[in-house]
Amino acid sequence: MSPRPTDVEVGTELPEQTSRVTRADLVRYAGASGDLNVIHWNERVAREVGLPGVIAHGMLTAGLAVRAVTAWAGDPGAVVDYSVRFSRPVVVPDDDLGAELTVRGRVAALLEDGRVRVDLTVTSGGDKVLSLARAVVALG
Amino acid sequence: MALDAGLVGRSYPPSAVYEVGREKIAEFAAALADPDPVYVDPAAARAAGHPDVIAPPTFAIVLSLGAGNVVVEDPEVGLDYSRVVHGEQRFTHHRPIRAGDRLVATATIDAVKTVAGNDMLTTRVDLATEDGEPVCTTRSMLVARGTA
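Residues numbered from 1 in each chain as written. Chains lettered and ligands numbered in written order. Predicted model: local features only at pLDDT ≥ 70, side-chain atom pairs only at ≥ 80, totals over all residues. Heavy atoms only, no water.

A. A look at the pairing of strand E3 (residues 99-110) of chain A. Residue and element names in this part refer to chain A. With 5 bridges joining them, strand E1 (residues 17-21) and E3 adopt antiparallel strand pairing. Looking at E3, one finds that arginine 20 is bridged to glutamate 100. Connecting the antiparallel pair E3 and strand E4 (residues 115-124) is a turn made up of 4 residues, with aspartate 113 showing a positive phi of about 60°. (Pairing = 2+ DSSP bridges. Helix = DSSP H or I, 4+ residues; strand = E, 2+ residues; numbered from the N terminus.)

So this is what it looks like as structure tokens:
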């Protein structure tokens, strides 16, 4: 059931979402998005350019994070604006568990025409991996 | 090397038409492990008020990556791609992208700046139907890390 504008206020929290990202997920996202940058699948090259290991595509992290908003909104088409800053890479280990991603969201502002701004806090292993992650959602 | 501030406003010729397919949307949603039926089931999408399946909010990256390459590869921009990381990304949806859309992408350089030896290039990509209906505007900020 989608929330109505009258159901939410500044501070309303979205259900917390956790997901895991494995190397297989990186391969799948590379194919689906067309982003074939080797640092997302090749450990040797990732280390050569100074990274601690293979890292997730920033847009994979951003795409997983906004699921917390679309699931809450009820209709993904209600997300009219979404912006992120990539503040820290998500290192994906070469094992079956991968990296964990935790997404928390809260309504940060009530805008005109039944729109609300949701601010997301996205962490992996306790570190914030996105900053200024914000979605504008048209409710009702 | 600092980017030339005179590049701001430079626009590139529109892309070829990209036809959005149901299968591509389904593939993208699967890559995000997103089970929402509006991405895969036309009946569910219609029940939510959409003419056909819609794409996830970040799907436009598929088109903006391609369209943004003309900027990255512009020799007059002179971006060192080996040092580039994705700094920021924004999507402004005028309406959801949906299966059957025939979209044209137009890239424009929105901003350039150099902070602490790092070059920052913001490219805007306007996605519109081939009839000119605005669908989505993406803004990508790339950072070329300084070698200093």
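Back to the text.
B. Quick peek at the packing of aromatic side chains. Using the criterion set out here, one finds 2 aromatic pairs over all chains in the structure. Pairing B:Phe28 with B:Phe59 gives two aromatic rings, centres 5.4 Å apart and planes at 85°, and the pair type is edge-to-face. Taken as a pair, B:Phe28 in helix H1 (residues 22-31) and B:Phe59 in the loop between helix H2 (42-47) and helix H3 (61-72) lie far apart in primary sequence, 31 residues in all. B:Phe59 matches B:Phe28 in its accessibility class, with the two residues each being buried. An aromatic cluster of three or more residues is present, and its members are A:Tyr29, B:Phe28 and B:Phe59. (Phe/Tyr/Trp six-rings, centres within 6.5 Å; stacked < 30°, edge-to-face > 60°. Buried < 20%, exposed > 50% of the residue type's maximum accessible area, 1.4 Å probe, protein only.)

C. Examining H3(B) more closely. With 12 residues, H3(B) should reach 16 Å at 1.5 Å per residue; the first-to-last C-alpha distance of 15 Å fits that figure. Within the sequence span of H3(B), burial applies to B:Ile61, B:Val62, B:Leu63, B:Ser64, B:Ala67, B:Gly68, B:Val71 and B:Val72. (Expected span 1.5 Å × (residues − 1).)

D. Fine view of the nonpolar core. Ranked by internal contacts, the top residues of the largest apolar core, which has 80 residues, are A:Tyr82 and B:Ile97. The element best represented in this core is H3(B), accounting for 6 residues. Contacts of A:Tyr82, omitting those with residues within four sequence positions, involve A:Ala62, A:Ala65, A:Val66, A:Leu120, A:Leu130, A:Arg134, A:Ala135, B:Thr58, B:Gln89, B:Arg90 and B:Phe91. (Core = buried A, V, L, I, M, F, W, Y, C linked by side-chain atoms within 4.5 Å. Contact = heavy atoms within 4.5 Å.)

E. Representation of the interface of chain A and chain B in the model. The interface is formed by 28 residues belonging to chain A together with 29 residues belonging to chain B. When residues of chain A are sorted by the area they lose upon contact with chain B, A:Ala32, A:Met59 and A:Pro76 head the list and together hold 22% of the total. At the surface where chain A touches chain B, the tally comes to 2 salt bridges. Here A:Arg85 makes a salt bridge to B:Glu88, at a shortest N to O gap of 3.0 Å. In this assembly, chain A and chain B are joined by 11 residue pairs in polar contact (both at pLDDT 80 or more). Those elements that place two or more of their residues in the side of chain A that touches chain B are helix H1 (23-33), helix H3 (58-65), helix H4 (67-73) and strand E2 (79-86) of chain A. Residue composition of the side of chain A that touches chain B, grouped by class: 14 nonpolar, 8 polar and 6 charged. Where E2(A) and strand E2 (residues 84-93) of chain B come together, 5 bridges link them in antiparallel fashion. Bridging from a neighbouring strand, A:Arg85 pairs with B:Glu88 of E2(B). (Buried area = accessible area lost by both parts, 1.4 Å probe. Salt bridge = Lys/Arg side-chain N within 4 Å of Asp/Glu carboxyl O. Polar contact = N/O pair within 3.5 Å; in protein donor to acceptor, adjacent residues only side chain to side chain. Nonpolar A, V, L, I, M, F, W, Y, C, P; charged D, E, K, R; others polar.)

F. Spatial organisation of a nonpolar patch on the surface. Residue and element names in this part refer to chain A. A cluster of nonpolar side chains, Val27, Leu36 and Trp41, forms an exposed patch at the surface whose accessible area comes to about 340 Å². When you line up the elements, valine 27 lands in helix H1. Given a relative accessible area of 53%, valine 27 falls into the exposed group. (Patch = residues over 30% accessible without salt bridge, like charges linked within 9 Å, V, L, I, M, F, W, Y side chains within 5 Å. Areas by Shrake-Rupley, 256 points an atom, 1.4 Å probe, with all protein chains shown as cover.)

G. Representation of the side chain of A:His40 in the model. Residue and element names in this part refer to chain A. Relative to the helices and strands, histidine 40 resides in the loop between H1 and helix H2 (43-48). For histidine 40, the side chain forms a polar contact with the main-chain oxygen of isoleucine 55, separated by 2.8 Å. Not counting residues up to four positions away in its chain, the partners in contact with histidine 40 are Leu26, Asp35, Val54, Ile55, Ala56 and His57.

H. Representation of the side chain of A:Arg23. Residue and element names in this part refer to chain A. Turning to its location among the elements, arginine 23 is positioned in helix H1. Residue classification places arginine 23 among the buried positions, given a relative accessible area of 17%. Among the polar contacts made by the side chain of arginine 23, one reaches the main-chain carbonyl oxygen of valine 92 at a distance of 2.8 Å. Apart from residues lying up to four places away in sequence, arginine 23 is in contact with Glu43, Val54, Val92, Pro93 and Asp94.

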